[in-house]
Amino acid sequence: MNRNIVLCGVGGQGTVLASKLIAAAAMNKNLPVMSAETIGMAQRGGSVFSHVRYGYNISSPMIANSEADIILGFEPGETVRMLPFLKEGGTVVTSSRAIMPVTATLSGSSYNGDEMITYLREHVENLFVIDPQKACKEIGSLKTLNTLLLGAAVYSGALGLSEEDIKEAIATRLPEKFHELNFKALEYVRKHSE
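Residues numbered from 1 in each chain as written. Predicted model: local features only at pLDDT ≥ 70, side-chain atom pairs only at ≥ 80, totals over all residues. Heavy atoms only, no water.

A. Main features of the overall build of the protein. Looking only at helices and strands, one finds eight helices and six strands in the protein. Traced from its N-terminal end to its C-terminal end, the protein shows the element sequence β-α-β-β-β-α-β-α-α-β-α-α-α-α. Structurally, the protein occupies a C-alpha span of about 50 × 40 × 35 Å along its principal axes. In the protein, once contacts between residues fewer than 6 apart in sequence are set aside, the share between residues at least 24 apart is 62%. As presented, the protein carries roughly 9,600 Å² of accessible surface, and 50% of it is formed by carbon and sulfur atoms. Measuring between centres, the 18 positive side-chain charges of the protein sit 5 Å from its 20 negative side-chain charges. (Helix = DSSP H or I, 4+ residues; strand = E, 2+ residues; numbered from the N terminus. Contact = heavy atoms within 4.5 Å. Areas by Shrake-Rupley, 256 points an atom, 1.4 Å probe, with all protein chains shown as cover. Lys, Arg positive; Asp, Glu negative; His and termini not counted. Charge placed at Lys NZ, Arg CZ, Asp CG, Glu CD.)

This is how it looks when you write it as structure tokens:
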């Protein structure tokens with residue numbers, strides 16, 4: 001089983017941690033993993049994206065255009081920017097919560113992400129949109145966006161990993177004080193995807 005996963009967002013959203021959890025979950029299953037991250041101006045709200053590949057006969061961590069099985073988008077505009085990587089019939093899991101780019105803030109432009117979600121709905125066959133604000137009311141924290149997206153990716157079937165695989169990665173990679181909150185986020189997604 002091989003998987004090509006692109007994660008994208010804005011600095012500080014947990015994109016890199018999510019890629020590390022996917023890699024850990026695959027390694028726990030004794031699958032070879034390769035990954036690469038581009039964090040650039042992440043500290044200043046800039047674009048962040050990661051490529052995670054797991055399975056056999058992988059020679060490079062980078063995913064070519066039209067080869068991603070799944071895109072995990074932490075921000076709708078960033079998700080649209082990464083669409084060229086998605087293979088035909090691939091899956092997109094994205095947050096509906098927009099973060100205004102620095103360039104839009106400086107120019108006085110308005111951006112709320114709705115047009116990006118509309119674009120995704122029109123151009124992606126297998127689309128799962130997570131509303132983190134709604135989830136936060138039940139979970140109690142916005143800091144679980146990465147786990148919400150991972151959970152949605154699990155239940156989409158495109159990630160190739162189970163909830164138990166992700167839980168094990170969380171348990172082995174995150175401090176214990178964060179386990180319950182992240183498990184609650186996985187439970188939230190399971191409950192809302194049945």
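Alright, that's what it looks like, and here's the rest.
B. Quick look at the environment of Thr118. Position of Thr118 relative to the elements: it lies in helix 4 (residues 114-123). Sequence-wise, Thr118 and Pro76 are 42 residues apart; in three dimensions their C-alpha atoms are separated by 9.8 Å.

C. Spatial organisation of unusual backbone geometry. In the Ramachandran plot, Asn57 falls in the positive-phi region, its phi being about 60° despite a non-glycine side chain. Within the fold, Asn57 resides in the loop between strand 3 (47-54) and strand 4 (68-73). The backbone of Ser66 shows a phi angle near 65°, a positive value even though the residue is not glycine. Assignment of secondary structure puts Ser66 in the loop between strand 3 and strand 4.

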